[in-house]
Amino acid sequence: MKKYMVNDIKEALEQIKKDLGEDAIILSTRSVKKGGFLGIGAKRFLEVTAVCEDKDQVKTESSEVYKLQELLVKNKEKKQEEEIKELKQMLQEMKLMLGAQRLSDMPQNLQKVLKGLQGQEIDQTVSSRIIEYLRISYGDVNIDDSLRQRLAEHFLAFIKTEVPNLKGVTLFSGPTGVGKTTTLAKIAARLKIVEKKQVAILTLDTYRIAATDQLKTYATIMDIPMRVAYTPKEARLELEAMKSFDVVLIDTAGRSQNNDMQMSELRALFDVVQPNLAFLVISMNCRLSDLKDILERFGTVRHTHLILTKMDETRTFGHLINASMMSGTPVAFVTNGQRVPEDIVEANAKDIAFLLSKEVLRIAQSS
């Protein structure tokens, strides 16, 4: 392990390659000040810590994540994504400021509808557009069944659903504690029992012993073969051995969207496995701000569909519309309990729109 005090990352790369070789790994970087008198005139440097591992002794995924050339590209992409996000946020805030109607100026029933939308934690962009549409079209509204129908029709414009045909390699990922393993088991049962497909399970969730044991229990009950891999390279080899199956479902360890290392490991796994389908599993009882953060951070991975879990643990259903609208990714399934395989349903845009309009009006009528 070596530390370098350099002017920029380019200088660090040159020294690291010279000292430690092409397979060196950057462990950390931080900005430090040196020199000067009492902090005056100090010069800013970049402190870089790097290590070169013995491939024969250390079995790690980090080399696939933090190779030097990849780090530069990813840092650049991350910075560009952050700048784009800031611009979009600024534009959205300007639109909301220009088009927002002061609550006190709204007709009384529209105020109640807005409270219903907010009570369901429906994103402000959607709420503002719906209220503006109702105000321009009707002035004020009656809170009755006809309004429920109009709301449902308007919600449909923001809801995106799609139930894919599962085949080949399908990968499940998401934050910790959202129920990925149980959801995978429900879909495995559906594929084998209902669709009569040849199914196998591969797990990389080796961080929690209980998770592996739980999945083994499900696999044994359903008579589905299951294998364990500890690295992306091992996963690729296991997938080669499972080529004869119609579907291979891959379970991964829960990842914190705030952990850059874990996000990088997940991207490395995607690059190696290259799944046909990739489900991002999200709990419906998370806060709206957390949902935005999860979709943004996990958005660096190419998920094809969303699965929303724990619908039975909340009375706030706004994420059914928020998740697909914010990510541009369709919702495929919604789970509403722990039973395997019963508690999972295919996502249907019309059903979601009707449920949301019903719950919004429930709150509005009680205001």
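Nothing here was measured: the structure is a model prediction, and the numbers come from that model. (Residues numbered from 1 in each chain as written. Predicted model: local features only at pLDDT ≥ 70, side-chain atom pairs only at ≥ 80, totals over all residues. Heavy atoms only, no water.)

Student: Could you give me a rundown of the overall build of the protein chain, with the residues and numbers involved?
Tutor: The secondary structure content of the protein chain amounts to 13 helices and 11 strands. When the 367 residues of the protein chain are sorted by exposure, 46% land in the buried category. When the accessible area of the protein chain is evaluated, it comes to approximately 19500 Å², of which 49% is carbon and sulfur surface. (Helix = DSSP H or I, 4+ residues; strand = E, 2+ residues; numbered from the N terminus. Buried < 20%, exposed > 50% of the residue type's maximum accessible area, 1.4 Å probe, protein only. Areas by Shrake-Rupley, 256 points an atom, 1.4 Å probe, with all protein chains shown as cover.)

Student: Let's hear about the sheet that holds strand 11 (residues 344-346): which residues, and what values?
Tutor: The eight strands are arranged 6-5-7-4-8-9-10-11 in an open sheet whose pairing can be described as mixed. Two strands bound the open sheet, and with one partner strand each, they are strand 6 (226-228) and strand 11. Averaged over all pairs of adjacent strands, the angle between their axes in this sheet comes to 20°, without regard to strand direction. With five bridges joining them, strand 8 (residues 277-283) and strand 9 (residues 305-309) adopt parallel strand pairing. If you follow Leu-280 over to strand 9, its bridge partner there is Leu-306. (Pairing = 2+ DSSP bridges. Axes fitted to C-alpha atoms, helices over the stretch in contact; angles between N-to-C directions.)

Student: Just give me the short version of the environment of Met-263, but keep the residues and values in it.
Tutor: Structurally, the position occupied by Met-263 is in helix 10 (residues 260-273). C-alpha of Met-263 to C-alpha of Thr-300: the two residues are 37 residues apart in sequence and 8.4 Å apart in space.

Student: Tell me about unusual backbone geometry, and name the residues and values.
Tutor: Note: most peptide bonds trans; most residues except glycine with negative phi. Put simply, Val-340 and Pro-341 share a cis peptide bond, and its omega is 5°. Mapped onto the fold, Pro-341 is located in the loop between strand 10 (331-335) and strand 11. A positive phi angle, close to 55°, is found at Asp-223, a residue other than glycine. Along the chain, Asp-223 falls in the loop between helix 8 (209-222) and strand 6.

Student: Could you give an account of the nonpolar core, with specific residues and numbers?
Tutor: Core analysis: the biggest nonpolar cluster contains 62 residues, and Phe-155, Leu-202, Ile-250 and Ile-282 have the highest contact counts within it. In this view, Leu-202 contacts Arg-227, Val-228, Ala-229, Ala-235, Glu-238, Leu-239, Met-242, Val-248, Leu-249, Ile-250 and Asp-251; residues no more than four positions away in its chain are not counted. Core analysis: the next-biggest nonpolar cluster, separate from the first, contains 25 residues, Phe-172, Tyr-218, Ala-219 and Val-247 among them. (Core = buried A, V, L, I, M, F, W, Y, C linked by side-chain atoms within 4.5 Å. Contact = heavy atoms within 4.5 Å.)

Student: So what's going on with the sheet that holds strand 1 (residues 2-6)? Which residues, and what values?
Tutor: If you trace the three strands from one edge of the open sheet to the other, you get 1-3-2, paired in antiparallel fashion. This sheet does not close on itself; its edge strands, each paired only once, are strand 1 and strand 2 (25-34). In this sheet, adjacent strand axes meet at a mean angle of 20° when their direction is disregarded. Summarising the sheet, strand 1 and strand 3 (residues 43-51) pair through five bridges and their orientation is antiparallel. Its bridge partner being in strand 3, Lys-2 is matched across the sheet by Ala-50. Of the strands in this sheet, strand 1, strand 2 and strand 3 are in contact with helix 1 (residues 9-20), which crosses strand 1 at around 145°.

Student: Report on the pattern of salt bridges, specifying residues and quantitative values.
Tutor: Enumeration according to the criterion identifies 15 salt bridges in this entry. For Lys-2, the salt bridge is made with Asp-19, and the minimal N-O distance between the two is 3.9 Å. One end of the pair, Lys-2, is in strand 1; the other, Asp-19, is in helix 1, with 17 residues separating them in the sequence. Among the residues examined, Lys-2 registers a relative accessible area of 39% and is labelled partly exposed. (Salt bridge = Lys/Arg side-chain N within 4 Å of Asp/Glu carboxyl O.)

Student: I'd love a proper account of the packing of helix 6 (residues 145-155) against helix 13 (residues 349-366), names of residues and values included.
Tutor: Orientation of helix 6 relative to helix 13, taken along the N-to-C sense of each, is 130°, at an axis distance of 8 Å. What the angle tells us is that helix 6 and helix 13 run oblique. Considering the relative orientation of helix 6 and helix 13, their crossing is right-handed. Along the contact surface, helix 6 presents Leu-147, Arg-148, Leu-151, Ala-152 and Phe-155, while helix 13 presents Ala-353, Phe-354, Leu-356, Ser-357, Lys-358, Val-360 and Leu-361. Classifying every residue of the contact of helix 6 with helix 13 gives nine nonpolar, one polar and two charged. (Parallel < 35°, antiparallel > 145°, perpendicular 65-115°, else oblique. Left-handed = near helix turned anticlockwise from the far one by under 90°. Nonpolar A, V, L, I, M, F, W, Y, C, P; charged D, E, K, R; others polar.)

Student: Any details on the packing of helix 5 (residues 124-138) against helix 6? Residues and values, ideally.
Tutor: Closest axis-to-axis distance for the helix 5/helix 6 pair is 11 Å, and the angle between their directions is 130°. Classed by the angle they form, the pair helix 5 and helix 6 counts as oblique. When you trace helix 5 past helix 6, the crossing you get is right-handed. Across the interface between the two elements, Arg-129, Ile-130, Tyr-133, Leu-134 and Tyr-138 of helix 5 pack against Leu-147, Arg-150, Leu-151, His-154 and Phe-155 of helix 6. Split into classes, the residues belonging to the contact of helix 5 with helix 6 amount to seven nonpolar, one polar and two charged.

Student: Pulling in residues and values, what's your account of the environment of Leu-147?
Tutor: In this structure, Leu-147 sits in helix 6. Owing to a relative accessible area of 0%, Leu-147 belongs among the buried residues under this scheme. When the C-alpha positions of Leu-147 and Leu-361 are compared, they lie 8.3 Å apart, and in sequence the two are 214 residues distant. Leaving out residues up to four positions away in the same chain, Leu-147 has contacts with Val-113, Leu-134, Val-141, Asn-142 and Leu-361.

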